[in-house]
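Close look at the chain arrangement
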Amino acid sequence: DGTSHKAENYLRFMPLCGDGVFWAAKWEVRVDRSDRVKAPVRTDQWVHPEHAVRLAALWICGRTAQEMCEGYAVARAWSPEMEANPLSPEWSRPSDRADRQGVGLL
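These notes cover the structure that comes with them. (Residues numbered from 1 in each chain as written. Predicted model: local features only at pLDDT ≥ 70, side-chain atom pairs only at ≥ 80, totals over all residues. Heavy atoms only, no water.)

We now examine the sheet that holds strand S3 (residues 53-64). Ordered by their spatial adjacency, 3 strands build an open sheet running S1-S2-S3, and the pairing between neighbours is antiparallel. Because the sheet does not close on itself, it has two edges, and the strands there are strand S1 (14-15) and S3. When S1 meets strand S2 (residues 21-31), the two strands line up antiparallel, connected through 2 bridges. Residue pairing across strands places Pro-15 opposite Phe-22, the latter belonging to S2. (Pairing = 2+ DSSP bridges. Helix = DSSP H or I, 4+ residues; strand = E, 2+ residues; numbered from the N terminus.)

Shown next, in the form of structure tokens:
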């Protein structure tokens, strides 16, 4: 769709094997837009509960330093603190929170 290019803004290339190749990965997903979660702040990002998202493809890209384009983001290490916590109550609907309480996730 017309917004798929926005995923490129979240790509980060990382050197994984010490062989001069930088790797990036992104998921292609399908979502049920009628089952979205209202984001806590104004954003054009889509927020959906897990049951409304289906994985369609995993896209992997490997590039050498010579193949990298200006503007590509490169991360030296992964920082988990920079990731959204999908179990955080701010990303769920009241019915999802009730379901999680029943299985001890909250």
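Now that the structure is up, let's keep going.
It is worth spelling out the pattern of salt bridges at this point. Throughout the structure, instances matching the rule amount to 3 salt bridges. The partner of Lys-26 in a salt bridge is Glu-8, with the nearest N and O atoms 2.2 Å apart. Of this pair, Lys-26 sits in strand S2 while Glu-8 sits in the segment before S1, and the two are 18 residues apart along the sequence. Its relative accessible area of 24% is what places Lys-26 among the partly exposed residues. Judged by relative accessible area, Glu-8 falls into the partly exposed class, the value being 40%. Salt-bridge contacts for Glu-28 lead to Arg-30; the nearest nitrogen and oxygen are separated by 2.9 Å. (Salt bridge = Lys/Arg side-chain N within 4 Å of Asp/Glu carboxyl O. Buried < 20%, exposed > 50% of the residue type's maximum accessible area, 1.4 Å probe, protein only.)

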